[in-house]
Amino acid sequence: MSSETSPHKPRVAVVFGGRSSEHAISVLTAGAVLRAIDRDKYDVLPIGITTDGRWALTADDPERMAIADRRLPSVAELAESTEGGVVLPVDPTNREVVYSEPGSVPKALGEVDVVFPVLHGPYGEDGTLQGLLELSGVPYVGSGVLASAVGQDKDYMKRVFASFGLPVGPYEVIRPREWENDPAAARRKIVDFAGEHGWPLFVKPARAGSSMGITKVDDLAGLDEAVEEARRHDPKIIVESLLSGREIECGVLEFEDGPRASVPAEIPPVTAHDFYDFEAKYIDSADGIVPAPLTAEQTAEVQELAVAAFEAASCEGLVRADFFLQDNGEFVINEINTLPGFTPISMYPRMWQESGVSYPELIDRLLRAALERSTGLR
């Protein structure tokens, strides 16, 4: 091992990209994380997963992992080879990462001490990668298999929250077989829901994030198109009623004595968009207000709810919890994100910055916590 990769420094594999529709957002997040990792404390190995699932060795070049002229980055543009692949061991006694190309002898890249997964959406944030790392015995940042899966599926997330007495808004779920076998009945189910809770409705993929595939539907005429748009991202969809009020977010971070909540933030109304959609969030970058202009009592309440949601879903490491502060003064939890974005405009690091935890310190704390936590049942 060379002097450049000191054995005294933990080796971090930053895994990003992935097969989900949130591929580009993951690349943006990876760029920001790579900038923030203290290279005096950690050695870094960037590993990108292409949209077709190939694990690629990529350049450690955060500047190329950014939006340029409204164009989103991809792992394919960053990969050092169009064919080479990185393989993590599925043997808890061996953490050696291997790189191979067709016709070449496989090359050992060294052992990995901890993985920082910055994948968003299915095949990464949903417990699948976490399960692989559990099998491999490699520590990783963030929640385990169960919490990751619950945090990805808005249906079961809301069921868990409701079972713990947390306030959730009205919703309806259309499962794949319902729409495929009897779309008329599924449509009636949504129309009956609208009859009870009113239009407009939000039609969403049940297991996607970054505001992908969401449509605001004002009447029956736009329903089928909205369902098909959501189903492009996930065959299971969720339909939610409009919750009138303010959008409030709160970060949760695990400290030595347990999870703590950050100061909350507010997402103001986006005048150029119908709602806080993908374009508003990542391309036009709406400005969140940090800290949110809330009363001391409201701030304390939303912080308490955020930590309660973290605990209810058995989360670890970090979570961003999203709420609506309704016009009647009551909070409703919309969802949690177990691997929130770390892009320069992302709310999670901004909320912790305002709470006294700098961006590099945030990354360091997450890595140290992961290194101290064992894999397996805990």
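This text follows the structure it describes.
Remember, predicted model here, so these are calculated numbers, not experimental data. (Residues numbered from 1 in each chain as written. Predicted model: local features only at pLDDT ≥ 70, side-chain atom pairs only at ≥ 80, totals over all residues. Heavy atoms only, no water.)

Enquirer: Would you take a moment to explain the packing of aromatic side chains for this structure?
Expert: For any two aromatic rings, the description comes down to two numbers: the centre-to-centre distance and the angle of the planes. Summed over all chains, the structure comprises five aromatic pairs. With 6.2 Å between their ring centres and 90° between their planes, phenylalanine 116 and phenylalanine 342 make a pair best called edge-to-face. Of the two residues, phenylalanine 116 sits in strand S7 (residues 114-117) while phenylalanine 342 sits in the loop between strand S16 (331-337) and helix H11 (347-354), which places them 226 residues apart along the sequence. Taking the relative accessible area as the measure of exposure, phenylalanine 116 reaches 1% and is therefore buried. (Phe/Tyr/Trp six-rings, centres within 6.5 Å; stacked < 30°, edge-to-face > 60°. Helix = DSSP H or I, 4+ residues; strand = E, 2+ residues; numbered from the N terminus. Buried < 20%, exposed > 50% of the residue type's maximum accessible area, 1.4 Å probe, protein only.)

Enquirer: I keep staring at the sheet that holds S7 and nothing clicks. Help me out?
Expert: Through backbone hydrogen bonds, the strands of a sheet pair up, either in parallel or in antiparallel fashion. Taken in spatial order, the four strands of this open sheet run S3-S2-S1-S7, and their pairing is mixed. Since the sheet does not close on itself, it has two edges, and those belong to strand S3 (55-57) and S7, each with one partner. When the angles between neighbouring strand axes are averaged without regard to direction, this sheet yields 30°. Sheet topology note: the strand S2 (residues 43-49)/S3 ladder contains three bridges and is antiparallel. From the neighbouring strand, isoleucine 49 faces S3, where its bridge partner is tryptophan 55. The sheet strands contacting helix H12 (residues 359-372) are strand S1 (11-17) and S7, and the helix crosses S7 at an angle near 130°. (Pairing = 2+ DSSP bridges. Axes fitted to C-alpha atoms, helices over the stretch in contact; angles between N-to-C directions. Contact = heavy atoms within 4.5 Å.)

Enquirer: Looking at this structure, I do not really get the nonpolar core. What am I missing?
Expert: Among soluble globular proteins, nonpolar side chains are generally buried collectively. Ranked by internal contacts, the top residues of the largest apolar core, which has 33 residues, are Val14, Phe16 and Phe116. Elements represented by at least two residues in this core include exactly S1, helix H1 (23-36), helix H2 (75-78), S7, strand S12 (245-255), H11 and H12. With 26 residues, the next largest nonpolar core counts Ala147, Ala292, Cys315 and Ile336 among its residues. (Core = buried A, V, L, I, M, F, W, Y, C linked by side-chain atoms within 4.5 Å.)

Enquirer: What's the story with the packing of helix H4 (residues 145-152) against helix H5 (residues 154-163) in this structure? I'm lost.
Expert: To describe two helices that pack against each other, one gives the angle between their axes and the distance between the axes. Where H4 meets H5, the closest approach of the two axes is 5 Å, and the angle between their N-to-C directions is 105°. Relative to H5, H4 is oriented roughly perpendicular. The segment H4 lies against H5, with Val150, Gly151 and Gln152 engaging Lys154, Tyr156, Met157 and Val160. For the contact of H4 with H5, the per-class residue count stands at four nonpolar, two polar and one charged. (Parallel < 35°, antiparallel > 145°, perpendicular 65-115°, else oblique. Nonpolar A, V, L, I, M, F, W, Y, C, P; charged D, E, K, R; others polar.)

Enquirer: Where do I start with the sheet that holds strand S4 (residues 85-87) in this structure?
Expert: Taken in spatial order, the three strands make up an open sheet running S4-S5-S6, and their pairing is antiparallel. Whereas interior strands pair on both sides, the edge strands pair on one side only; in this sheet they are S4 and strand S6 (107-111). Direction aside, neighbouring strands of the sheet carry axes that sit 25° apart on average. Pairing geometry for S4 and strand S5 (residues 96-100), over three bridges, is antiparallel. Its bridge partner lying in S5, glycine 85 is registered against serine 100.

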